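Structural overview
Below are the chains, spelled out letter by letter.
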Amino acid sequence: VLRWVPWIGLEVGPAAIVSLDPKCGMATAAACSAFRISGAVPFGLDYQFTRSFAVGVEGRFQVLFLNTAPWETLGVFARAEYVWGY
């Protein structure tokens, strides 16, 4: 039985970029929202206390494919997970 569970994934799909700038949408400013294609690689390491409960850390490298150059982001998260149904 594994207690430490490393994992990695792949996500591809549509993404929305939303601006909260009060000037957005005006003739001299960028649009308030835009839809783009996104690709992400989530990865992490979880520790299972029981079959139903785990805690861990997660990272996500994400790329938003824009009209000019792609935007790249990297996020790190702490997580707790309750699993039912096994």
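Rules used in this analysis
- Residues numbered from 1 in each chain as written.
- Predicted model: local features only at pLDDT ≥ 70, side-chain atom pairs only at ≥ 80, totals over all residues.
- Heavy atoms only, no water.
- Helix = DSSP H or I, 4+ residues; strand = E, 2+ residues; numbered from the N terminus.
- Buried < 20%, exposed > 50% of the residue type's maximum accessible area, 1.4 Å probe, protein only.
- Contact = heavy atoms within 4.5 Å.
- Areas by Shrake-Rupley, 256 points an atom, 1.4 Å probe, with all protein chains shown as cover.
- Phe/Tyr/Trp six-rings, centres within 6.5 Å; stacked < 30°, edge-to-face > 60°.

**Concerning the overall build of the protein chain**
- Along the protein chain, the regular secondary structure elements total zero helices and five strands.
- Secondary structure elements of the protein chain occur, N-terminal to C-terminal, as β-β-β-β-β.
- Across the 86 residues that make up the protein chain, the buried fraction comes to 21%.
- Nonlocal contacts in the protein chain, meaning residues at least 24 apart in sequence, comprise 48% of its contacts between residues at least 6 apart.
- Element-wise, carbon and sulfur atoms account for 66% of the exposed surface of the protein chain, whose accessible area totals about 6700 Å².

**Section: the environment of Phe 61**
- Note that Phe 61 resides in strand S4 (residues 53–65).
- Note on Phe 61: relative accessible area 35%, which makes it partly exposed.
- Here the alpha-carbon distance between Phe 61 and Leu 74, two residues 13 residues apart in the chain, equals 4.6 Å.
- Excluding its chain neighbours within four sequence positions, the residues that come into contact with Phe 61 are Gly 39, Ala 40, Val 41, Phe 43, Glu 72, Thr 73 and Leu 74.

**Thoughts on the packing of aromatic side chains**
- With the rule as written, the count across this model stands at four aromatic pairs.
- Taking 5.0 Å as the distance between ring centres and 80 degrees as the angle between the ring planes, the aromatic pair formed by Tyr 47 and Phe 49 counts as edge-to-face.
- Residue Phe 49 is classed as partly exposed on the basis of its relative accessible area of 44%.
- One aromatic cluster in this structure is built from Trp 4, Tyr 47, Phe 49 and Phe 53.

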